[in-house]
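Structural features, examined
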Amino acid sequence: MTVVTTARRSRITPEREAELYEAVLDLLREVGYDALTMDAVAARTRSSKATLYRQWGGKAELVVKAVRHNKPGEIGEVDTGTLRGDLHALIAHDDDCTIEQNSALMRGLAMALHQNPDLRQAFREQLIEPEMVEFRRLLERAVDRGEIRPGCPALEFLVPMLVGGFATRALLEDQPPTQAFLISYIDAVILPALGVPTT
């Protein structure tokens, strides 16, 4: 049996799409994932609910696309010639205010990810897996340049270490992560774990 799928057609301009995504993120910050409804998004954005469902299929996909759209740049676009430079450049994409907002947003979504399989699957497919591929490429370049020893056991822990830097600052110190904190964390924890010089 052949299944024919029809791609959803975008009748929304890029500017309108960005406006919708910003409204979704604002609602997420205000009420959280579980209380966010397509009705609320439609009202906030002066859209029809039918348009939202036609364009995004459902709440999980809309939220993931909004989070992805909010990301400042692709990891694959960064290539400074050193791993330290690449990681610092990734942190420099956002100012402290944006880092704090994104950190709060992700903390709010963390519980929802555990409780909503559709959201978890959308996050995995559209955000986590593509970013893991990009981080692997970034690390492979560092290995090819001789910065990291092939087979270094810390290679597979880069992303958990980075996520840990964001999460534990708020959890343990009740402080938002900042550029200065994250750069210090990269230099003091991540690069030494990978055997990469920090100067």
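Above this text sits the structure in question.
Report follows, based on the coordinates. The structure displayed is predicted, hence computed values, not measured ones. (Residues numbered from 1 in each chain as written. Predicted model: local features only at pLDDT ≥ 70, side-chain atom pairs only at ≥ 80, totals over all residues. Heavy atoms only, no water.)

Attention now goes to the overall build of the protein. Summing up its helical and strand segments, the protein has nine helices and zero strands in all. Ordering the α and β elements of the protein from the N terminus gives α-α-α-α-α-α-α-α-α. The buried share of the protein, reckoned over its 199 residues, is 37%. Within the structure as shown, the protein displays about 11,400 Å² of accessible surface, and the carbon and sulfur contribution to it stands at 54%. Seen as two clouds, the 23 positive and the 29 negative side-chain charges of the protein have centres 6 Å apart. (Helix = DSSP H or I, 4+ residues; strand = E, 2+ residues; numbered from the N terminus. Buried < 20%, exposed > 50% of the residue type's maximum accessible area, 1.4 Å probe, protein only. Areas by Shrake-Rupley, 256 points an atom, 1.4 Å probe, with all protein chains shown as cover. Lys, Arg positive; Asp, Glu negative; His and termini not counted. Charge placed at Lys NZ, Arg CZ, Asp CG, Glu CD.)

Right, let's talk about the pattern of salt bridges for a bit. The tally for this structure, following the rule as stated, stands at 14 salt bridges. Here glutamate 19 ties to arginine 46 by a salt bridge, and the two come within 3.7 Å at their closest N and O atoms. Of this pair, glutamate 19 sits in helix H1 (residues 14–35) while arginine 46 sits in the loop between helix H2 (38–45) and helix H3 (49–56), and the two are 27 residues apart along the sequence. Looking at glutamate 19, the relative accessible area reads 38%, which means it is partly exposed. (Salt bridge = Lys/Arg side-chain N within 4 Å of Asp/Glu carboxyl O.)

In this section: the packing of aromatic side chains. In the structure shown here, the tally under the stated rule is two aromatic pairs. Considering the side-chain rings of tyrosine 21 and tryptophan 56, the 5.7 Å spacing of their centres and the 65° angle between planes classify their relative orientation as edge-to-face. You can see tyrosine 21 sitting in helix H1 and its partner tryptophan 56 sitting in helix H3, a full 35 residues away along the chain. Among the residues examined, tyrosine 21 registers a relative accessible area of 4% and is labelled buried. Overall, tryptophan 56 belongs to the buried group, its relative accessible area being 2%. Residue placement shows lysine 59 over the ring face of tyrosine 33; its charged tip is 4.2 Å from the ring centre. (Phe/Tyr/Trp six-rings, centres within 6.5 Å; stacked < 30°, edge-to-face > 60°. Lys NZ or Arg CZ within 6 Å of the ring centre and 35° of its normal.)

Checked against the element boundaries, histidine 88 lands in helix H5 (residues 83–92). By relative accessible area, which is 17% here, histidine 88 ends up buried.

Turning to the packing of H1 against H2, a few remarks are in order. At a minimum axis separation of 10 Å, H1 and H2 run at an interaxial angle of 125°. The orientation of H1 with respect to H2, classified from their angle, is oblique. Seen along the crossing, H1 lies across H2 with a hand that is right-handed. From H1, Arg16, Leu20, Ala23, Val24, Asp26, Leu27 and Glu30 reach across to H2, where they touch Ala40, Val41, Arg44 and Thr45. Among the residues forming the contact of H1 with H2, the class breakdown is six nonpolar, one polar and four charged. (Axes fitted to C-alpha atoms, helices over the stretch in contact; angles between N-to-C directions. Parallel < 35°, antiparallel > 145°, perpendicular 65-115°, else oblique. Left-handed = near helix turned anticlockwise from the far one by under 90°. Contact = heavy atoms within 4.5 Å. Nonpolar A, V, L, I, M, F, W, Y, C, P; charged D, E, K, R; others polar.)

Counting through the fold element by element, valine 24 comes out in helix H1. Linking valine 24 and lysine 65, residues 41 residues apart in sequence, is a C-alpha distance of 9.8 Å. Apart from the residues within four sequence positions on either side, valine 24 is in contact with Leu36, Val41, Leu62, Val63 and Ala66.

Here we take up the side chain of asparagine 116. With respect to the helices and strands, asparagine 116 occurs in the loop between helix H6 (96–115) and helix H7 (117–144). Of the residues examined, asparagine 116 reaches a relative accessible area of 17% and is grouped as buried. Filtering out sequence-adjacent residues up to four positions away, asparagine 116 remains in contact with Tyr33 and Asp34.

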